[in-house]
Every structure is written in C-alpha cells, then in structure tokens.
Amino acid sequence: ADTVRLLSSSQVITSVVNVVKELVENSMDAGALSIDVKLENYGLDRIEVRDNGHGIKTADTPVMAVRHFTSKICSHEDLNHLETYGFRGEALGSICAVAEVSITTKTNEDDISTQYMLDLTGHIVSQKPSHLGQGTTVSVLKLFMNLPVRRQYYSSTKKCKDELKKVQDLLMAYAIIKPELRVTLAHNKILLDGFFPKPGADYLSSSSSSQDKTFIFVNNRPVHHKDIMKLLRQHYTAQYEEEATRNRHPILMLKVTVSPSSVDVNLTPDKTQVLLHHKEALLTAVEALLVSLYGFRAT
Ligand code: ADP
Ligand code: MG
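The structure presented is a predicted model; accordingly, all values stated were derived computationally and were not measured. (Residues numbered from 1 in each chain as written. Chains lettered and ligands numbered in written order. Predicted model: local features only at pLDDT ≥ 70, side-chain atom pairs only at ≥ 80, totals over all residues. Heavy atoms only, no water.)

S.K.: Describe the overall build of the chain, naming the residues involved and giving the relevant values.
M.R.: Tallying secondary structure elements over the chain gives 7 helices and 13 strands in all. For the chain, the residues scored as buried account for 42% of the 299 residues in total. Sequence-distant contacts in the chain: of pairs separated by 6 or more residues, those separated by 24 or more amount to 68%. (Helix = DSSP H or I, 4+ residues; strand = E, 2+ residues; numbered from the N terminus. Buried < 20%, exposed > 50% of the residue type's maximum accessible area, 1.4 Å probe, protein only. Contact = heavy atoms within 4.5 Å.)

Below you can see the structure in the form of structure tokens.
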C-alpha cells in the first residue's frame, strides 16, 4: 500500500511550483486575503504557505490531510456549481506522501492555534499548541525525500532557478486575478545588518591591508568569507573610481543572520571559515543592500 500511495502521489505532486499552487489555492478557497510563501533552498528544503483564511475546524483536522477528504463538496449536486479551486481532496494527502508536513491552524472559534505533525499517510502523529493568528500555515520539509531521483533532478541549479521563476509567475498571476489579495514570496530568509561608511567619511585608514578593516559575522561569529569581502570592497572602492582616495581602507562591517541549519562552521579547526548553503542567494542579497546604500551597481 505504501508503494501504491507513493506512486499515485508522485503523479499528483510533481514539482515545487505544483506544491505551491495547491497550497495557495487552498488558501484562496479558505477566503484568505493575505498569503505569504516562503521557500528555502528553492523549496527543496522548505515550502511554507501561511494564510489568514477561515482555518480548519478541529473536527476536520484528523482527516484534513488524508487522501480524498475534502470539506468543499457535500453532494454530487455541488459539483455543478463549483466555486473553489479544490474539490478532490487529493493535494494535502499527496504532499504528505512525498515530504514531511505539518499544519498549523486556527478558526475564529479556537482560542489558540494548534500545530499538527503528519505522517506519510496524512494522519496526525502529534500536535501542540502554537501562537499563530487565525488562518492556516502549511510547512512542507524535504520535498521528494523518498524519491531520490526526482529530488536530484530538481536540485540542479538551472532547474532550481526555473522553478523559482515559475513560482514567481504563478503568484503574480493570482495577485492579478484577485487584486484584493496580498501575496508575498521570500526565498532563503537572510537578515543583513552592516556598518558602511559614507563616501568621504573621516575614519578611513590608508595603512594596512583591506582585510584588517573588514569585519564579517555570520550568526554573531567572526568569519572570513572571501566572496563577501570582495563584494564589499568592490562596491566601496567603485565610488572612488577616478580619485586618489581609491586605495583607502574603510572600516566595513557586515552581520549576516541565517537559520543555523544553513551554515557549516566546522570547516577549519579555528572555525573562522564558514560554508553557507545558500551562498548565491546571500551574495545577491548583499549586493542588493550595497546597491541600495551606494546607489549603483559596481559589477
Ligand atoms: P481539496 O482542496 O480538493 O478539498 P486538499 O487536499 O487540497 O483537498 O485539502 C483538503 C482539505 O483540507 C480541504 O478541503 C480543506 O478542508 C482543508 N484545507 C486545506 N488547506 C486549507 C487552508 N489553507 N485553509 C483552510 N482549510 C484548508
Ligand atoms: Mg486543494
């Protein structure tokens, strides 16, 4: 039965964009006016869709993710005037069969939200109180963990980027059809905080190497990171293109905060080298920050 479930589910759930589509449609069916989509590692590590819809009734939660359960149809008659995206009750159950899923939900009748951890068959394995407002949040971890060939297929950089683009297009399309809907998309949430002198500031030193004056912290740990260092220097010195001050070495400081699971600090014994799992996304974010600060693109 496990194999049959995996086979049929893998035909319903074929890609990251497919999961996002099903979850966002469920949110819209629940009357949500606000939907936040978060992806980590292009959705392969985590897809999270949070909405402010009507939530799932406590009585429905035991079967909400069991295949063929739907709260959207009561009779055959209903099929003739469908006003919802979903009606087959197939999406959640199929996603559960190919990933680790949890659902947090609260209706206006519940005092607090509850988070339900689901197994591969969509049944609840455990539950705990949580702190979210009215609505539903579905978290999908390790998509295709039990379909290694498919996971591998979607892991290529090109495929990842294609999928992300498709997710963007999809969300854009829903936002256009439904103008009152607020949709956001975040990929690899990274927090950046920095200290960058304004051009012409006084605290520039002309001595020593640039490295001595550039401080990078990842999750509060001082680290060396060649690529980030290079990017910071590039943007800073680009301002002095034509000037004699070009080889000044300002004090630059950048604090990066990422989820602990996306950084390896054990590369060297002194732990000053870090391996960031989403280096490209981080470099893009750093660059965007520098562009917003210094107002132009140096590279
Ligand atoms: P379908 O959308 O075809 O009904 P799904 O498997 O997508 O089937 O969802 C199963 C059921 O779970 C839905 O019928 C609905 O009752 C509930 N549900 C899923 N997502 C949400 C959500 N975001 N808000 C409220 N209820 C939801
Ligand atoms: Mg659905």
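Now that the structure is up, let's keep going.
S.K.: Which residues make up the site of ligand 1, and what are the values?
M.R.: Asn-26, Thr-70, Ser-71, Lys-72 and Gly-89 are the nearest of the 20 residues found near ligand 1. A distance of 3.3 Å is found between an oxygen atom of ligand 1 and a backbone nitrogen or oxygen belonging to Ala-91. A distance of 2.9 Å is found between an oxygen atom of ligand 1 and a backbone nitrogen or oxygen belonging to Leu-92. Protein chains bury 96% of the 530 Å² of accessible surface belonging to ligand 1 in isolation. Every element with two or more residues in the shell around ligand 1 is listed here: α2 (16-29) and α3 (91-97). (Near = heavy atom within 4 Å. Polar contact = N/O pair within 3.5 Å; in protein donor to acceptor, adjacent residues only side chain to side chain. Areas by Shrake-Rupley, 256 points an atom, 1.4 Å probe, with all protein chains shown as cover.)

S.K.: Kindly report on the packing of helix α4 (residues 148-155) against helix α5 (residues 157-177), identifying the contributing residues and their values.
M.R.: At a closest axis distance of 5 Å, the pairing of α4 and α5 adopts a crossing angle of 80 degrees. Between α4 and α5, the crossing angle belongs to the class labelled roughly perpendicular. Across from Tyr-153, Tyr-154 and Ser-155 in α4, the residues of α5 making contact are Thr-157, Lys-159, Cys-160 and Glu-163. The residue makeup of the contact of α4 with α5, split by class, is 3 nonpolar, 2 polar and 2 charged. (Axes fitted to C-alpha atoms, helices over the stretch in contact; angles between N-to-C directions. Parallel < 35°, antiparallel > 145°, perpendicular 65-115°, else oblique. Nonpolar A, V, L, I, M, F, W, Y, C, P; charged D, E, K, R; others polar.)

S.K.: Quick rundown of the sheet that holds strand β9 (residues 214-218)? Include the residues and the values.
M.R.: Working definition: the strands of a sheet are paired by backbone hydrogen bonds and lie parallel or antiparallel to each other. Spatially, the 4 strands line up as an open sheet ordered β8-β11-β9-β10, and their pairing is mixed. With one partner strand each, in any of the chains shown, β8 (191-195) and β10 (221-223) form the two edges of the open sheet. Strand after strand, the sheet turns through a mean of 25 degrees between neighbouring axes, direction not considered. With 5 bridges joining them, β9 and strand β11 (residues 252-257) adopt parallel strand pairing. Within the sheet, the bridge partner assigned to Thr-214 lies in β11 and is Leu-252. Packing of helix α6 (residues 226-238) onto the sheet brings it into contact with β9 and β11, and relative to β9 it is tilted by some 135 degrees. (Pairing = 2+ DSSP bridges.)

S.K.: Can you break down unusual backbone geometry residue by residue, with the values?
M.R.: Positive phi outside glycine occurs at His-68, with the angle close to 80 degrees. His-68 gets classed as exposed once you look at its relative accessible area, which sits at 55%. Positive phi, normally seen in glycine, also occurs at Lys-142, with a value near 55 degrees. With respect to the element layout, Lys-142 can be found in the loop between β6 (135-141) and α4.

S.K.: Tell me what's going on with the packing of aromatic side chains, and back it up with residues and numbers.
M.R.: Scanning all chains against the criterion turns up 3 aromatic pairs. Site record: aromatic cluster; members linked through ring pairs are Phe-144, Tyr-153 and Tyr-154. Here the basic side chain of Arg-150 rests over the ring of Phe-144, its NZ or CZ set 5.2 Å away from the ring centre. (Phe/Tyr/Trp six-rings, centres within 6.5 Å; stacked < 30°, edge-to-face > 60°. Lys NZ or Arg CZ within 6 Å of the ring centre and 35° of its normal.)

S.K.: Talk me through the sheet that holds strand β1 (residues 34-40); I want residue IDs and the actual numbers.
M.R.: Spatial ordering of the open sheet is given by β5-β4-β3-β6-β2-β1-β7, a layout of 7 strands whose pairing is mixed. On the outer flanks of this sheet lie β5 (124-130) and β7 (182-187), each paired with one strand and no other. Strand-to-strand, the axes of this sheet are offset by a mean angle of 15 degrees, without reference to chain direction. When strand β3 (residues 100-106) meets strand β4 (residues 113-118), the two strands line up antiparallel, connected through 4 bridges. Each residue of the ladder has a partner; that of Thr-104, found in β4, is Gln-115. Here α5 sits on the sheet and contacts β1 and β7; the angle it forms with β7, its principal contact strand, is near 170 degrees.

S.K.: Provide a residue-level description of the pattern of salt bridges, including the pertinent values.
M.R.: Across all of its chains, the model carries 12 salt bridges by this definition. A salt bridge links Glu-25 to Lys-21, with the shortest nitrogen-to-oxygen separation between them at 3.1 Å. Here Glu-25 pairs with Lys-21, and both are found in helix α2, just 4 residues apart, close to one helical turn. With a relative accessible area of 9%, Glu-25 lands in the buried category. Overall, the relative accessible area of 32% leaves Lys-21 in the partly exposed class. For Lys-158, the salt bridge identified is with Asp-162, shortest N-O distance 3.1 Å. Here the residue Lys-158 and the residue Asp-162 both occupy positions in helix α5, the gap between them amounting to 4 residues, near one helical turn. On the accessibility criterion, Lys-158 (59% relative accessible area) is exposed. (Salt bridge = Lys/Arg side-chain N within 4 Å of Asp/Glu carboxyl O.)

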